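Descriptive structure summary
In case you want the letters, here they are:
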Amino acid sequence: MTDFEDTLVVVPVGALGAGIDPEHVEAGLTQGAHAIALDAGSTDSGPSCLATGVSKYSREAVKSDLRVLMAARAKYGVPLLIGTCGTAGGDAGVAWTLNIAQEVAAELGQNPRIATLHSELSREQVLAKLEGGKVLPLAPLGPLDAATIERCEHIVALMGPEPYIAALKDGADIVLGGRTTDTAVIAAVPLMRGAGAGAAWHAGKISECGGLCTADPTDGGVLIKVGREAFEVWPLSSQNRCDVYSVSSHMLYENSDPFILTEPGGVLDVTHARYEAIGERGVRVTGSQFLPRPYTMKLEGAALGPFQTLMWVGIADPAVLAVVDGFVATLHAALVERVRKVMGLTPDAFDISLRPYGWNAVSGLPAAEGTPPPREIGLMFVATAETQDLATRIARTCNPYFFHFPVRRGKELPSYGFPFSPAEVERGRAYEFVLNHVVATQDGMELVRRDMIDSPIPEIA
Amino acid sequence: MAKLKDVARYVRSKAAGPFWITVDIFFPSRDVYDISRDAAGLATTAIEQALRLDPGSAKRVDVPDLAVIKYAYPRRHAQGGAFERDMHGGQQFVPLLELEI
């Protein structure tokens, strides 16, 4: 990397709100970094964040990290880019994060230009795209139908780097983006400054989870240095290091294919990438390719599901633990029968799930033949129904059986250990991811709405 | 016959988007990988059987440079729905530890 100036980006953490050490950020910025970039969400925590617009992290956790990053940004005069604000990256998540950023700005006495990028789509927009033949399925789902779109509470499209670059060219100091691919947020500034597309996208993928590509993932994020043909990855913490293995194996993470990654507007192909150590702590990567493709954005959509009410018992009685599978099956049949008889519900109106933690609740698969009895189990009861009220009435109807079901008929009635009074917990709604499709667009801007907030200092009550 | 848990350095599973789970088997060296890669116990059919997946649903990618075998398979239900048991899919590798290779 000689005549061309590399683009340096600080990626302080895998997700805004997870905790950022100011010293690590400072360490990256003193090396001449051109930007700070990171994301604030993913689909990892399930569909509720998209369906409800509520962040998985607390306001305090996000504010604490934003304060560190906004103070550092102002001190060094570099832009701060944050993708997928508010966990799901819907309009609500962007607005929530903007509100926190404005509060931090006021407290720090700053007046940054903040751009917001929105990629939430209305059902009508997606229906129109569907009718135009612009929506294509990704495995394992089939073609999209209008009814599925109608079910969605919120739909977002994953942005590429173009809206971030446009916002920076408009003079933004801080860019708060809705749903974006993790890679695109990090690749944006290198791409804007003319770095190689293969190097920029690959560097974005390697650093998307902050320090996860380092030897000690608990010790801070990374600094990437992106050139025309190559990029380097360095840990922000002086105690940490990157090695060829820690960097190259990150391509396996959360990917179904470790060599090919589809992004908005192209495909990252790292089949021929070469990784080499730079001294004890850095890694240099060459040979990454980005192959342009017609522009597509991945869609995510979350629908409302049924309501659930929970009950728990702890069971330590060896007589039950010797026959967990049989006990659970007999109890389940008795509970279903009782709800049908007492409440007059048909089987399709409710579901009861019993999950013996300490036995096979996590996998749901039968325990291997010959597995010794556990010392105790936690048995979770989940009633699922169309309303919270109905789910709770089902739980209360099951109450006497669930807490006192004998291991054999004709025996004295036991009492299992239940921890709460009242015994049931209303857990609210379930939600459901229903889209796994891409939408074809003219370019990276067509479906994106942009705003610029110039004077963000609000009145603080 | 050895079990996967005695041969692999590390086995993990994780959601790869809301509709897929991916499993990575890390072998301790290229040599161990080379000896193990063709074992019947590591064929996609064996993985499908151990995890009770639909036949033909699992894909396998070999990464010899990292001494890794990677699988991906679709979830029975989309991540995080009403009947979820393992949101991140992070515990789904466990039945594979007992595979004989």
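Residues numbered from 1 in each chain as written. Chains lettered and ligands numbered in written order. Predicted model: local features only at pLDDT ≥ 70, side-chain atom pairs only at ≥ 80, totals over all residues. Heavy atoms only, no water.

Considering the nonpolar core
Going by this rule: Think of a nonpolar core as a cluster: buried Ala, Val, Leu, Ile, Met, Phe, Trp, Tyr and Cys residues, connected wherever their side-chain atoms sit within 4.5 Å. Per-residue accessibility, obtained with a 1.4 Å probe over protein chains only, is compared with the maximum for each type, and a residue is labelled buried under 20%, exposed over 50%, and partly exposed between these values. In this text, helices come from DSSP runs of H or I with a minimum length of four residues, and strands from runs of E with a minimum of two, each type numbered from the N-terminal end.
In this structure, A:Leu81, A:Val175, A:Val233 and A:Leu299 are the most contacted members of the largest nonpolar core, which totals 60 residues. In terms of residue count, helix 8 (residues 182-192) of chain A provides more of this core than any other element does, six residues in total.

Brief notes about the domain arrangement of chain A
Selection criterion: Domain segmentation is taken from an automatic or database assignment of domains.
Domain boundaries assigned for chain A yield domain 1 (7-119 + 158-295 + 441-454) and domain 2 (304-433). Domain 1 of chain A and domain 2 of chain A are separated by 43 Å when their C-alpha centres are compared.

Let's talk about the packing of aromatic side chains
The following threshold applies: Pairing of aromatic side chains here covers Phe, Tyr and the six-membered ring of Trp, requires ring centres within 6.5 Å, and sorts the geometry by plane angle: under 30 degrees stacked, over 60 edge-to-face, intermediate tilted. In this scheme, Lys NZ or Arg CZ marks a charge over a ring once it lies within 6 Å of the ring centre and within 35 degrees of the ring normal.
A full pass over the atoms with the stated rule returns eleven aromatic pairs over all chains. Centre to centre, the rings of A:Phe327 and A:Tyr416 are 5.8 Å apart; their planes meet at 80°, and the pair counts as edge-to-face. Residue A:Phe327 is located in helix 12 (residues 324-343), and its partner A:Tyr416 is located in the loop between helix 13 (388-404) and strand 19 (424-433); the two are separated by 89 residues in the primary sequence. Like A:Phe327, the residue A:Tyr416 is buried in the burial classification. Pairing A:Phe381 with A:Phe402 gives two aromatic rings, centres 5.4 Å apart and planes at 55°, and the pair type is tilted. Note that A:Phe381 is positioned in strand 18 (residues 377-385) and A:Phe402 in helix 13, a separation of 21 residues in sequence. One aromatic cluster is present, built from ring pairs that chain together A:Phe327, A:Tyr401, A:Phe405 and A:Tyr416. The positively charged end of B:Lys59 is found above the aromatic ring belonging to B:Trp20, 5.0 Å away from the centroid.

A word on the side chain of B:Glu84
The condition is simple: By the criterion applied in these results, polar contacts are pairs of N or O atoms within 3.5 Å in which, for protein atoms, one can donate a hydrogen and the other can accept it, and in which residues neighboring in sequence qualify only through two side-chain atoms.
Inspection of the secondary structure assignment puts B:Glu84 in the segment after strand 4 (68-74). Polar side-chain contacts of B:Glu84 include one of 2.9 Å to the backbone nitrogen of B:Asp86.

Considering the packing of helix 7 (residues 162-169) of chain A against helix 8 of chain A
Each packed pair of helices is defined by two parameters, the angle between the axes and the distance between the axes. Residues and elements named next belong to chain A. Short version of the rule: For helices, the axis comes from a line fit to the C-alpha atoms of the stretch in contact; other axes are also lines fit to C-alpha atoms, and the angle between any two N-to-C directions lies between 0 and 180 degrees. Here roughly perpendicular refers to angles of 65 to 115 degrees, roughly parallel to angles under 35, roughly antiparallel to angles over 145, and oblique to all remaining angles. Rotating anticlockwise by less than a right angle from the far helix to the near helix defines a left-handed crossing, while the corresponding clockwise rotation defines a right-handed one. Any two residues whose heavy atoms approach within 4.5 Å at even a single point are treated as in contact.
At their nearest, the axes of helix 7 and helix 8 sit 8 Å apart, and the two run at 55° to each other. As the angle between them shows, helix 7 and helix 8 are arranged oblique. The two elements helix 7 and helix 8 meet at a crossing, and its hand is right-handed. For the pair helix 7 and helix 8, the contacting residues are Tyr 164, Ile 165, Leu 168 and Lys 169 in the first and Val 185, Ala 188, Val 189, Leu 191 and Met 192 in the second.

What to know about the state of the cysteines
Residue and element names in this part refer to chain A. In plain terms, the rule: Here, a disulfide means two cysteine sulfur atoms that sit within 2.5 Å of each other.
Scanning all chains against the criterion turns up zero disulfides over all chains. Left unpaired, Cys 85 is separated from the closest cysteine sulfur, that of Cys 49, by 13 Å. Given a relative accessible area of 0%, Cys 85 falls into the buried group. Residue Cys 213 stays outside any disulfide, its sulfur separated by 4.9 Å from that of Cys 242, the closest cysteine.

Remarks on the confidence of the model for chain B
Regions with low pLDDT should not have their predicted coordinates read in detail. Quick reminder of the rule: Scored from 0 to 100, pLDDT records how confident the predictor is in each individual residue.
Of all residues in chain B, 100% have pLDDT values of 70 or greater, and the mean over the chain is 96. Model confidence for the complex: the whole-complex pTM is 0.95, and ipTM, which rates the interface, is 0.94.

What to know about the pairing of strand 4 (residues 114-118) of chain A
Each regular strand displays side chains that alternate between the two surfaces of the sheet. Residue and element names in this part refer to chain A. Note the threshold: Paired strands, as defined in this entry, are two strands with at least two bridges between them according to DSSP.
Most of strand 4 sits out of view: five of its five residues are buried. Two strands pair when backbone bridges link them, and strand 4 and strand 8 (residues 174-177) are joined in this way by four bridges, in the parallel orientation. Each bridged residue has a counterpart across the sheet, and for Ala 115 the counterpart in strand 8 is Val 175. Direction of pairing for strand 4 relative to strand 21 (residues 449-453): antiparallel, over a ladder of five bridges. Residue Ile 114 lies in a different strand from strand 21, and its bridge partner there is Ile 453.

Some details on helix 13 of chain A
Residues and elements named next belong to chain A. Inclusion rule: Helix span is expected to be 1.5 Å times the residue number reduced by one. Take the seven residues that end at a residue and the seven that start at it, fit an axis to each, and the angle between those axes is the bend at that residue.
The end-to-end C-alpha distance of helix 13, which contains 17 residues, comes to 24 Å, matching closely the 24 Å that a straight helix rising 1.5 Å per residue would cover. Of all the bends in helix 13, the greatest, near 50°, is centred on Cys 398, and the proline Pro 400 appears no more than four residues after it. Listed as buried for helix 13 are Gln 388, Leu 390, Ala 391, Thr 392, Ile 394, Ala 395, Thr 397, Cys 398, Phe 402 and Phe 403. Buried residues along helix 13 sit against strand 16 (296-315), helix 12, strand 17 (351-357), strand 18 and strand 19.

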